[in-house]
Amino acid sequence: MNVVAINASPRMESGNTADILMPFLEGIKEAGANVELFLTRKLTIHPCQGDFSCWLNTPGKCFQKDDMEILLPRLAKADLWVFATPLYVDGMAGTLKNLFDRAIPLLQPFFEIRDGHCRHPLREGVRSGKFALVASCGFWELDNFEPLLAHARAICRNLKREFSGALLRPHSRALKMMLKTGESANDILEAARSAGRQLVREGCMSDQTVAAVSRPLMERDAFLENVNAAFRKALDELKTG
Ligand SMILES: Cc1cc2nc3c(=O)[nH]c(=O)nc-3n(C[C@H](O)[C@H](O)[C@H](O)COP(=O)(O)O)c2cc1C
């Protein structure tokens, strides 16, 4: 199985998103899949210019010369796409949205009805594989991810991918703190790893495993106190130089 993974966190390996993404990818590899990981921060992906030249003038190719030339052929062939993003203003990071906008060369311009809805057919040679999402957010509640989840599912319908589920880490700062202080967060990391193995071996992730990744790490009131104290301290330190 060939897996293309994209991490859209500008904080890359040290970000909160990577805390879940990396064990997930380890699990995927343990189950025998090949993983290629890309960090959007290290890529140049210009915004789509909206001229449809990739559909008309040079079918399947964008005129812009940037790292989408590397990504598109890999995405076209991959059995599994893993997209990881921090939640930014209730959605995906802008670099990842740019990437999806620039993925339309994978589609043909024609319209068809698929599952009772207008869609574009995939271009010849483009696989119709799976799509898994990894996301982390700052706020405490799991429902903060709902707009992102709806978007990810819609992208799957648009690009003819099967949505395999999402590993979601709310109040991600609490996990980072636990990892830093050595407080045990092994069950979360192990659940992410196990989700990766399940996805490759069984074709899906169990609800129980997915839920284990998102489990509450502290009471909401305590979390708020903790976050606000950290912000107050940081602001005071800056004031006093
Ligand atoms: C520009 C920006 C917008 C954000 N918007 C939200 C938001 O709408 N909801 C939320 O819960 N967290 C929000 N956050 C917090 C991040 O989602 C959270 O800190 C995340 O874990 C960061 O992941 P990273 O360390 O991998 O970049 C935002 C952070 C930034 C920088």
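Our subject is the structure that appears above.
1. Things to note about the overall build of the protein chain
Piece 1. When helices and strands are counted, the protein chain shows eight helices and seven strands.
Piece 2. Relative to a compact globule of 241 residues, whose C-alpha radius of gyration would be 18 Å, the protein chain shows 19 Å and is just as compact.
Piece 3. Projected onto its principal axes, the C-alpha coordinates of the protein chain cover approximately 60 × 45 × 30 Å.
Piece 4. Within the protein chain, the fraction of its 241 residues that count as buried is 37%.
Piece 5. Across the protein chain, the fraction of contacts at a sequence separation of at least 24, relative to all contacts at a separation of at least 6, is 75%.

2. With respect to the site of the ligand
Piece 1. Looking at the ligand, there are 16 residues lining it, with S9, G15, T17, P86 and G138 nearest.
Piece 2. Of the residues belonging to the shell around the ligand, the class tally is six nonpolar, eight polar and two charged.

3. Points about the packing of helix α1 (residues 16–30) against helix α6 (residues 186–202)
Piece 1. Following both chains from N to C, one finds α1 and α6 inclined at 40°, their axes separated by 7 Å at the closest point. Considering their axes alone, α1 and α6 lie oblique with respect to each other. Handedness of the crossing formed by α1 with α6: right-handed. Residues I20, P23, F24, L25, E26, G27, I28 and E30 of α1 form the contact with α6, whose own contacting residues are L189, A192, R193, S194, A195, G196, R197, L199 and V200.
Piece 2. Grouping the constituent residues of the contact of α1 with α6 by class yields 10 nonpolar, three polar and four charged.

4. Let's talk about unusual backbone geometry
Piece 1. A positive phi angle, near 45°, is found at M12, a position not held by glycine.
Piece 2. Take M12: it is sitting in the loop between β1 (2–7) and α1.
Piece 3. A positive phi angle is found at H171, which is not glycine, with a value near 30°.
Piece 4. Of note, H171 is situated in the loop between β7 (162–169) and α5 (172–181).

5. Points about the nonpolar core
Piece 1. Ranked by size, the top nonpolar core spans 58 residues in total, and within it F24, V82, A84, V134, A135, L167 and A192 carry the most contacts.
Piece 2. Setting aside anything within four residues of it in sequence, one finds L167 in contact with I20, F24, V134, A192, A195, V210 and V213.

6. As for α1
Piece 1. Relative to the 21 Å expected for 15 residues at 1.5 Å per residue, α1 spans 22 Å between its end C-alpha atoms, a close match to the ideal helical length.
Piece 2. In terms of burial, α1 is largely enclosed, as 12 of its 15 residues are buried.
Piece 3. Regarding α1, the residues found buried are N16, T17, A18, D19, I20, L21, M22, P23, F24, L25, G27 and I28.
Piece 4. Within two residues after α1, G32 carries a phi angle of roughly 105°, on the positive side.

7. Quick word on the sheet that holds strand β2 (residues 34–39)
Piece 1. If you walk across this open sheet you meet the five strands as β2-β1-β3-β6-β7, and the pairing is parallel. One side of each edge strand has no neighbouring strand; the edge strands of this open sheet are β2 and β7. Between one strand and the next, the sheet's axes are offset by a mean angle of 15°, whatever the strand orientation.
Piece 2. Against the sheet, helix α2 (residues 68–77) makes contact with β1, β2 and β3 (80–86), and its axis sits at roughly 135° relative to β1, the strand it touches most.
Piece 3. In the packing of helix α4 (residues 146–158) onto the sheet, the strands contacted are β6 (130–136) and β7, and the crossing angle to β7 comes to about 160°.

8. Things to note about the environment of K61
Piece 1. With respect to the helices, strands and loops of the structure, K61 is situated in the loop between β2 and α2.
Piece 2. Judged by the 13 C-beta atoms lying within 10 Å of it, K61 falls in the partly exposed class.

9. A look at the pairing of β2
Piece 1. Pairing analysis gives six bridges linking β1 to β2, with the strands arranged parallel. Note that in β2 the partner of A5 across the bridge is L37.

10. A few points about the environment of L148
Piece 1. Tracing the chain through its elements places L148 in helix α4.
Piece 2. On the basis of neighbour counts, which here come to 20 C-beta atoms within 10 Å, the residue L148 falls in the buried class.
Piece 3. C-alpha of L148 to C-alpha of T85: the two residues are 63 residues apart in sequence and 9.8 Å apart in space.
Piece 4. Once residues within four sequence positions are removed from consideration, L148 is found in contact with L87, G91, M92 and A135.

Thresholds applied
One numbering rule holds for all chains: residues counted from 1, following each sequence as written. Residues qualify for local features only when their pLDDT is at least 70, as the model is predicted, and side-chain atom pairs are given and counted only at 80 or more; totals for whole chains, interfaces and linings, by contrast, use all residues. In DSSP terms, a helix is any run of H or I states spanning at least four residues, a strand is any run of E spanning at least two, and both are numbered starting from the N terminus. Note that the radius of gyration is over C-alpha atoms, with the globule rule given as 2.2 Å times the number of residues to the power 0.38. Any residue whose C-beta has 12 or fewer other C-beta atoms within 10 Å is treated as exposed, any with 20 or more as buried, and any in between as partly exposed, C-beta atoms being built from the backbone. By definition, residue pairs are in contact when their C-beta atoms, positioned from the backbone, come within 7 Å. Any residue whose C-beta atom, as placed from the backbone, lies within 6 Å of a molecule or strand is termed near it. Charged means Asp, Glu, Lys or Arg here, nonpolar means Ala, Val, Leu, Ile, Met, Phe, Trp, Tyr, Cys or Pro, and polar covers whatever is left, Gly included. Here an angle of 0 to 180 degrees is reported between the N-to-C directions of two axes, which are lines fitted to C-alpha atoms, with helices fitted over the stretch in contact. Any angle between 65 and 115 degrees counts as roughly perpendicular, while under 35 counts as roughly parallel, over 145 as roughly antiparallel, and the rest as oblique. We call a crossing left-handed when the near helix sits turned anticlockwise from the far one by less than a right angle, and right-handed when that turn is clockwise. Each nonpolar core reported here comprises buried Ala, Val, Leu, Ile, Met, Phe, Trp, Tyr and Cys residues connected via C-beta atoms within 7 Å. The span you would expect from a helix comes to 1.5 Å times its residue count less one. By the convention used here, strands pair only if DSSP detects at least 2 bridges between them.

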